[in-house]
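Each chain, written out:
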Amino acid sequence: MATEVVDRDTPDLRCTAERTIVDLQGDGPLVSLGRYRYLAAREPVPAQRHASLLVLAFPIRSDVEFNLDGDVVDVVPGQVIIIPPGTVYGTDGTAQPRGELFWLVARVRPTAAAAAVDLAVRELAGSTGPTWAAPGSVVDQLGRALAEPDDLRWPVVAARRSLCATAVFEVLLARDAGMTEPVREVPRGVRRALARVAEHLDEPITVPDLIEASGMSPTQFYDAFVAAAGTSPKDYIRRVKIARAKDLLAGPEPTITEIGHRLGFSSSQHFAEVFRRYEGRSPSDYRREMWTR
């Protein structure tokens, strides 16, 4: 029996406790920005198609299998999948995995729309490959754009759209830089290690833990991990924990000490030291800056 396809060309703006979505619609082609943080697997994304919408999806803490026009595409953290208008897509009948994923939706408008972001959206819609490397700065920009989803003051809305437009440009630049060499597939053992980090983020995680999860020898694992993630396992663990800490610091609670313990740091002092090393300021200064913007 043929799979039923849902044709939809309007943005999904429904928010839940685990899904945050902001409406980006205005004068430009940007439509919406969303993020899910699932603590458990969710129902598969049904087969759907958009007449004029371009979808960019960025897995953060787990890989996701998409089905694009019948072809299964495995997208891993550090990559973006580009879904052009007219493409039938879903999650290949598999559940949406536990973890985190950003998605950015833009409308491919007529060629008469000549704004720079329109040109970039049309370029991405014509991509010849579905997945490319996603610069770490893109994920950071999308996270900042969603930091205050309920704040509708015009400067905040304008800054949000600007961050998302910059993310579109950077994805296009990354795509063009990789046109002659598609992103290499991440080995299964490394994917298991990445999943281990995502699933045990609230615990102390060591490199030996990741080696054990990968099922690879230490030398094989280290070389494969650095090639896939662009950094060492220890640095990756810290970066993911600090990224999560920044999310938690965006609100007034929990306390900084509680955040450090929640993320598996041995003490609040160790947490503050690592945070300052990566962010150039203390957790308390970061929280203060977030609340005085």
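Everything that follows concerns the structure shown earlier in this document.
Residues numbered from 1 in each chain as written. Predicted model: local features only at pLDDT ≥ 70, side-chain atom pairs only at ≥ 80, totals over all residues. Heavy atoms only, no water.

Draft legend 1. Spotlight on the nonpolar core. Ranked by internal contacts, the top residues of the largest apolar core, which has 31 residues, are Leu33, Leu56, Phe58, Leu104, Leu124, Leu142 and Cys164. If you list the elements that add at least two residues to this core, you get strand 3 (30-38), strand 5 (53-59), strand 8 (79-83), strand 10 (99-107), helix 1 (116-125), helix 2 (136-145) and helix 3 (154-177). Residue contributions to this core peak at seven residues, all from helix 3. With residues near it in sequence (within four places) discarded, Phe58 still touches Gln79, Val80, Glu100, Leu101, Phe102, Ala134, Val138, Leu142 and Val171. (Core = buried A, V, L, I, M, F, W, Y, C linked by side-chain atoms within 4.5 Å. Buried < 20%, exposed > 50% of the residue type's maximum accessible area, 1.4 Å probe, protein only. Helix = DSSP H or I, 4+ residues; strand = E, 2+ residues; numbered from the N terminus. Contact = heavy atoms within 4.5 Å.)

Draft legend 2. Spatial organisation of helix 1. Of all 10 residues that make up helix 1, seven are buried, and the element is covered over most of its length. Of the residues making up helix 1, those classed as buried are Val117, Asp118, Ala120, Val121, Arg122, Leu124 and Ala125. In this fold, the buried residues of helix 1 make contact with strand 5, strand 8, strand 10 and helix 3.

Draft legend 3. Expanded view of empty space enclosed by the protein. As enumerated under the stated definition, the model contains one cavity of 30 Å³ or more in all. As a volume, the largest cavity reaches approximately 30 Å³. Residues of the lining of the largest cavity, tallied by class, amount to three nonpolar, one polar and two charged. (1 Å grid on protein atoms, 1.4 Å probe; cavity = no way out; pocket = protein on both sides within 12 Å on 5 of 7 lines; lining within 4 Å. Points joined across faces, edges and corners; volume = space filled by probe spheres on them. Nonpolar A, V, L, I, M, F, W, Y, C, P; charged D, E, K, R; others polar.)

Draft legend 4. Local environment of helix 3. Spanning 24 residues, helix 3 covers 35 Å between terminal C-alpha atoms, matching the ideal 34 Å at 1.5 Å per step. Val156, Val157, Arg160, Leu163, Cys164, Ala165, Ala167, Val168, Val171, Leu172, Ala174 and Arg175 are the residues of helix 3 that are buried. (Expected span 1.5 Å × (residues − 1).)

Draft legend 5. Structural context of the layout of surface pockets. Estimated volume of the second largest pocket: approximately 610 Å³. Surrounding the second largest pocket, 27 residues form its lining, Arg8, Asp12, Arg19, Val45 and Gln48 being those nearest its centre. Elements with a contribution of two residues or more to the lining of the second largest pocket: strand 3, strand 5, strand 6 (64-68) and strand 10. Taken together, the residues of the lining of the second largest pocket sort by class into 17 nonpolar, six polar and four charged.

Draft legend 6. Here's a closer look at the pairing of strand 3. Most of strand 3 is tucked away: eight of the nine residues are buried. Remark: six residues form the turn of the hairpin made by strand 2 (residues 19-23) and strand 3, two consecutive strands paired antiparallel. The pairing of strand 3 with strand 10 spans eight bridges and is antiparallel. Considered in strand 10, the bridge of Leu30 is made with Ala106. (Pairing = 2+ DSSP bridges.)

Draft legend 7. Quick look at the pattern of salt bridges. Scanning the entire structure with this criterion turns up 17 salt bridges. Of the charged contacts in the structure, one is a salt bridge between Arg109 and Asp118, with a shortest N-O distance of 2.8 Å. Residue classification places Arg109 among the partly exposed positions, given a relative accessible area of 23%. Arg175 is the salt-bridge partner of Asp176, the closest N and O atoms lying 2.6 Å from each other. (Salt bridge = Lys/Arg side-chain N within 4 Å of Asp/Glu carboxyl O.)

Draft legend 8. Up close: the sheet that holds strand 2. Strand order in this open sheet of six strands is 2-3-10-5-8-11, and the pairing throughout is antiparallel. In this open sheet, the two edge strands, each paired with only one partner strand, are strand 2 and strand 11 (131-133). Here the average twist between neighbouring strands, direction ignored, is 20°. Contacts from helix 1 reach strand 5, strand 8 and strand 10 within the one sheet, and its direction differs from that of strand 5 by about 75°. Contacts from helix 2 reach strand 3, strand 5 and strand 10 within the one sheet, and its direction differs from that of strand 10 by about 85°. (Axes fitted to C-alpha atoms, helices over the stretch in contact; angles between N-to-C directions.)

Draft legend 9. Here's a closer look at unusual backbone geometry. With an omega of 0°, the peptide bond between Glu253 and Pro254 qualifies as cis. As for its placement among the helices and strands, Pro254 is situated in the loop between helix 7 (233-249) and helix 8 (256-262). Of note, Asp69 is a non-glycine position whose phi angle comes to about 50°, a positive value. Here Asp69 shows up in the loop between strand 6 and strand 7 (71-75).

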